[in-house]
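What follows is the residue order along each chain.
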Amino acid sequence: MEGRVESVADHTFRVALACLLLPREGETSGDVGIDVGRAVRMALVHDLAEVVVGDITPTDGVSAEEKHALERAAIEALADLIPSFPGARTDLLELWEDYARRRTREAWFVKDLDKLEMSLQAAHYEKEGGSASEPSADGEAAPSALGSLWGAVTPQNPKQSK
């Protein structure tokens with residue numbers, strides 16, 4: 001899809017799918033120490049606050065503390081919309097806070113995949129003739145398993161596949 005920009009939903013889906021699939025490769029050579037289910041749930045909520053506050057980048061001139069406060073208020077407002085399922089609000093807030101503060105191995109794992117997915121997306125934009133708004137890594141530097149996975153879930157330009 002020419003000119004299509006990745007949405008928060010696109011990004012979140014790719015990060016969550018990578019969290020689901022990538023640890024399994026490492027499990028054959030021993031326990032990777034990652035709770036895959038928790039990592040997937042965390043990936044699904046890691047950028048949820050952006051629905052309210054947008055994507056705050058370093059170029060926006062917002063301090064890390066202010067960014068966290070804005071996103072925390074947004075995630076709390078969204079959590080307030082959750083029906084009264086026992087523990088759902090608490091779980092959502094805890095997953096988001098864990099990710100934001102990098103308190104567990106799962107949080108670091110999700111953050112690493114978040115950065116990698118953003119780099120792959122930036123490389124894709126550059127390849128398509130656009131420019132990346134954030135610094136990007138060379139798409140070739142990505143692990144082949146994630147590069148293949150990313151390619152499989154990235155919409156293809158019909159003009160290129162002919």
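Residues numbered from 1 in each chain as written. Predicted model: local features only at pLDDT ≥ 70, side-chain atom pairs only at ≥ 80, totals over all residues. Heavy atoms only, no water.

## Points about the pattern of salt bridges
Here is the rule: Note on definitions: salt bridges are taken to be side-chain nitrogens of Lys or Arg within 4 Å of carboxyl oxygens of Asp or Glu. Numbering of helices and strands starts at the N terminus; helices are DSSP runs of H or I of at least 4 residues and strands are runs of E of at least 2. We call a residue buried when its accessible area falls under 20% of the maximum for its residue type, exposed when it is over 50%, and partly exposed in between, using a 1.4 Å probe and counting protein chains only.
Under the counting rule described, the total for this entry stands at 10 salt bridges. Taking the shortest distance from any N to any O, the salt bridge between Glu97 and Arg72 comes out at 2.8 Å. A residue pair is termed long-range when its members are at least 10 positions apart, and Glu97 in helix H5 (residues 88-101) and Arg72 in helix H4 (residues 64-79) qualify at 25 residues. Using a relative accessible area of 23% as the deciding quantity, one classes Arg72 as partly exposed. Note that Asp114 is salt-bridged to Lys111, the shortest N-O span being 3.5 Å. Placement of the pair is Asp114 and Lys111 together in helix H6 (residues 105-127), with a separation of three residues, close to one helical turn. This pair shows no difference in class: Asp114 is buried, exactly as Lys111 is. Three or more residues are tied together by salt bridges with common partners; here these are Arg38, Glu94, Asp98 and Arg103.

## Here we look at the side chain of Glu106
We apply this condition: Here the positive residues are Lys and Arg and the negative ones are Asp and Glu; neither His nor the chain ends is included. We call two residues contacting when some pair of their heavy atoms lies within 4.5 Å.
For Glu106, the position within the fold is in helix H6. For the buried Glu106, which has no salt bridge, the nearest side chain bearing the opposite charge is Arg38, at an N-O separation of 4.4 Å. In this view, Glu106 contacts Gly33, Ile34, Asp35, Arg38, Ala39 and Met42; residues no more than four positions away in its chain are not counted.

## Re the nonpolar core
Rules: Remark: nonpolar core denotes a set of buried residues (Ala, Val, Leu, Ile, Met, Phe, Trp, Tyr, Cys) joined through side-chain atoms within 4.5 Å.
Judged by nonpolar contacts, the single largest core of 24 residues is most densely connected at Cys19 and Val110. Only helix H1 (8-27), helix H2 (36-45), H4, H5 and H6 provide two or more residues apiece to this core. When residues in this core are grouped by element, the largest group, six residues, is from H2. When residues no more than four places from it in sequence are discounted, the contact partners of Val110 are Val15, Cys19, Ala39, Met42, Ala43, His46 and Tyr99.

## Some points on the packing of H4 against H5
Where we set the bar: Simply put, an axis is a line fit to the C-alpha atoms, just over the touching stretch for a helix, and the angle between two N-to-C directions goes from 0 to 180 degrees. The scheme is simple: roughly parallel for angles under 35 degrees, roughly antiparallel for over 145, roughly perpendicular for 65 to 115, oblique for anything else. Helix crossings get a hand from a simple test, with the near helix turned counterclockwise from the far one by less than a right angle marking a left-handed crossing and a clockwise turn marking a right-handed one. Classification used: nonpolar for Ala, Val, Leu, Ile, Met, Phe, Trp, Tyr, Cys and Pro, charged for Asp, Glu, Lys and Arg, polar for all others including Gly.
The contact between H4 and H5 brings their axes to 10 Å, and the two run at 160°. Taken as axis vectors, H4 and H5 run roughly antiparallel relative to one another. As H4 packs across H5, the resulting crossing turns out to be right-handed. For the pair H4 and H5, the contacting residues are His68, Glu71, Arg72, Ile75, Glu76 and Ala79 in the first and Arg89, Leu92, Leu93, Trp96, Glu97, Ala100 and Arg101 in the second. Along the lines of polarity and charge, the residues of the contact of H4 with H5 split into six nonpolar, one polar and six charged.

## So, the packing of aromatic side chains
One pair of aromatic rings is described through two measures. These are the centre distance and the angle between the planes. The following threshold applies: Note on aromatic pairs: the rings of Phe, Tyr and Trp (six-membered ring only in Trp) are paired at centre separations within 6.5 Å, and the planes decide the class, stacked below 30 degrees, edge-to-face beyond 60, tilted for the rest. Here, a charge over a ring means that NZ of Lys or CZ of Arg falls within 6 Å of the ring centre while also lying within 35 degrees of the ring normal.
Enumeration according to the criterion identifies zero aromatic pairs in this entry. The side chain of Arg102 reaches across the aromatic face of Tyr99, ending 4.7 Å from its centre.

## Quick notes on the environment of Arg101
Its place among the elements puts Arg101 in helix H5. The sequence separation of Arg101 and His68 amounts to 33 residues, and the corresponding C-alpha distance is 9.4 Å.

## Digging into the confidence of the model for the protein
For the record, the criterion: pLDDT runs from 0 to 100 and stands for how confident the predictor is about each residue.
For the protein, the average pLDDT comes to 77, and 70% of its residues sit at 70 or higher. Under a pLDDT of 50 for its full length, residues 132-145 has, in the predicted model, 18 contacts with residues more than four places off or in other chains.

## Points about H5
Which entries qualify depends on this criterion: By definition here, a helix of n residues has an expected span of 1.5 Å times n minus one.
Here H5 contains 14 residues, and its C-alpha end-to-end distance of 20 Å stays within 8% of the 20 Å for a straight helix at 1.5 Å per residue. Restricting attention to buried positions, one finds in H5 the residues Leu92, Leu93, Leu95, Trp96, Glu97, Asp98 and Tyr99. Those residues of H5 that are buried lie in contact with H2, H4 and H6.

## Examining unusual backbone geometry
With a phi close to 55°, Arg102 is a non-glycine residue in the positive phi region. On the secondary structure map, Arg102 appears in the loop between H5 and H6.

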